[in-house]
Amino acid sequence: MSGRLAGAVLVLNCGSSSLKYRLFDGADTLAHGLVERIGEPGGDAADHGAALGSVLSTLDLTGLAAVGHRVVHGGPDFSAPAVVDDAVVDAVRRLIPLAPLHNPANLAGIEVARRLLPNVPQVAVFDTAFHATMPEATATYAIDVEVARRLRVRKYGFHGTSHAYVSRCAATLLGRPPAEVNVITLHLGNGASACAVHGGRSIATTMGMTPLPGLVMGTRSGDIDPAVVFHLHRVGGMSIDEIDNLLNRDGGLRGLAGENDMRAVLRRRSEGDAAATLAFDVYCTRIKQYVGAYLALLGRLDAIAFTAGVGENAPVVRAAALAGLAGLGIAVDPDRNARAEPVISPPGSPVTVCVIPTDEEFEIAEQTRHALA
Ligand code: AMP
């Protein structure tokens, strides 16, 4: 046995037609990769079983301690990672109605891994779990309580592993324990959400029962008057599926500017394109609104942390989202911002603004180890 792999953790992130994997030994990555177009003609594998089988055949799994699975929706059932047994599998299956696109793929990954690695413990790490600490006052929708209870309608939030990881890193950057630090984390990727983290615990986040609300995203509208849905149906004659597409897949930057990639929007904006300029303004203004809202909820703010594709790579978005907030103790230093230094606020700022690359897979590996410890 090669002691090298003792305590190794394999992290699996299964999408409907993809399988992403990363093998960790402590913080070191031993192997990583992506199988794509699973089940599609000309794809890399016929199903998730074949995909994982071929991945496993390439890896040296001597001493593998655990497999950690990303699971998108833990519903009301999971407020922490769960060591997988039959009851956990059944619970993830019962949650499919809350996440019809994601949970079936996550479940397929769990079932295949249990079959192919029967003697290795498996842990499910939920995107929603970090937000289980939200108080009822921010998690509750003001609708008939009986309907809400029966259909499990409430705010769950997502990107939890990223918000957990980034808020902890922000505390480290400040040299203080997470329990003493209040942070607003801004996860700005293709999907995007903000989170108010009070002393290491999520107290509010912009995504809801589903990932649709909150910030403007690549293809999701974010916040919208819910009555627009009635209007589109009754007056516009659109079906529920068409409206679902309009808001979830053809909304956000794509809806406003015709493309979901912020790089393209920024390029067109710099050339004076009006649609791209409006898309940028709506995107950044929405972030600013939530920074203000979460500052009020937190009462005292120590740090704002930008992360994910846009948050880590787009200085112009960071600057615009926080412009004009000096009165709230929030400022961005142009040079530090352009260089994407870890801290981009000027020295001595009341609120430390930082850029922290997220690492959801590392966080899943960590939580997997903790769940088994
Ligand atoms: P993620 O979901 O975290 O992988 O983020 C993906 C998104 O990040 C892409 O769709 C791009 O819109 C955005 N992105 C990546 N690189 C850059 C960049 N250099 N400038 C602006 N946006 C970027």
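See the structure printed just above.
Just so it is clear, the structure is predicted and the values come from calculations on it, not from any experiment.

A. Representation of the nonpolar core in the model. Leu188, Tyr283, Ile304 and Val317 are the most contacted members of the largest nonpolar core, which totals 45 residues. It is helix α11 (residues 274-298) that provides the largest number of residues to this core, a total of 11 residues. Setting aside chain neighbours within four positions, we find Ile304 in contact with Ile184, Leu186, Val291, Leu322, Ile330, Val351, Thr352, Val353 and Cys354.

B. Helix α10 (residues 262-270), seen in detail. Of the residues making up α10, those classed as buried are Met262, Ala264, Val265, Leu266 and Arg268. Contacts made by the buried residues of α10 are with α9 (252-257), α11, α12 (308-313) and α13 (315-321).

C. Up close: the site of the ligand. The full set of residues close to the ligand is Gly189, Asn190, Asp261, Met262, Arg263, Leu266, Ala308, Gly309, Val310, Asn313 and Ala314. Contact distances for the ligand include 2.9 Å between an oxygen atom and a backbone N or O atom of Gly309. Structurally, the ligand is housed in the second largest pocket. Of all the elements in the fold, those that place two or more residues in the shell around the ligand are α10 and α12. Take the shell around the ligand: its biggest share by element is 4 residues, from α12. Split by residue class, the shell around the ligand holds 5 nonpolar, 4 polar and 2 charged.

D. Here's a closer look at the pattern of salt bridges. Scanning all chains against the criterion turns up 20 salt bridges. Of the charged contacts in the structure, one is a salt bridge between Glu361 and Lys20, with a shortest N-O distance of 3.6 Å. Placement of Glu361 in helix α15 (residues 360-372) and of Lys20 in strand β2 (residues 19-25) is noted, with a sequence separation of 341 residues between them. With a relative accessible area of 16%, Glu361 lands in the buried category. You can call Lys20 partly exposed: its relative accessible area is 39%. Glu259 is the salt-bridge partner of Arg268, the closest N and O atoms lying 2.7 Å from each other. For Glu259, a relative accessible area of 27% corresponds to the partly exposed category. A network of salt bridges, in which partner residues are shared, links Lys20, Arg22, Asp359 and Glu361.

Basis of the calculations
All residue numbers refer to position in the chain's written sequence, counted from 1. Owing to the predicted nature of the model, reporting of local features is limited to residues with pLDDT of at least 70; listing and counting of side-chain atom pairs is limited to 80 or more, with chain, interface and lining totals taken over all residues. Think of the side-chain values as coming from all heavy atoms in the structure, minus any hydrogens and water. Nonpolar cores are built from buried Ala, Val, Leu, Ile, Met, Phe, Trp, Tyr and Cys residues. Side-chain atoms within 4.5 Å join them into one set. Only protein chains enter the accessibility calculation, which uses a 1.4 Å probe; a residue is then buried when its area is under 20% of its type maximum, exposed when over 50%, and partly exposed in between. Put simply, DSSP H or I for four residues or longer makes a helix, DSSP E for two residues or longer makes a strand, and each gets a number counted from the N terminus. Only heavy atoms enter the contact rule, under which two residues are in contact if any of them lie within 4.5 Å. Neighbouring residues are identified by heavy atoms, a residue being near a molecule or strand if any of them is within 4 Å of it. Polar contacts here mean pairs of N or O atoms no more than 3.5 Å apart (in protein, one a potential hydrogen donor and the other a potential acceptor; neighbouring residues in sequence count only if both atoms are side-chain atoms). Here a cavity denotes a set of grid points, spaced 1 Å apart and computed over the protein atoms alone, in which a 1.4 Å probe fits but from which it cannot get out, and a pocket denotes an open set meeting protein on both sides within 12 Å along at least five of seven lines; residues with an atom within 4 Å of a point are reported as lining. To qualify as sitting in a cavity or pocket, a molecule needs more than half of its atoms within 2 Å of the grid points. Nonpolar residues are Ala, Val, Leu, Ile, Met, Phe, Trp, Tyr, Cys and Pro. Charged residues are Asp, Glu, Lys and Arg, and all others, Gly as well, are polar. By salt bridge we mean one thing: a side-chain nitrogen of Lys or Arg within 4 Å of a carboxyl oxygen of Asp or Glu.

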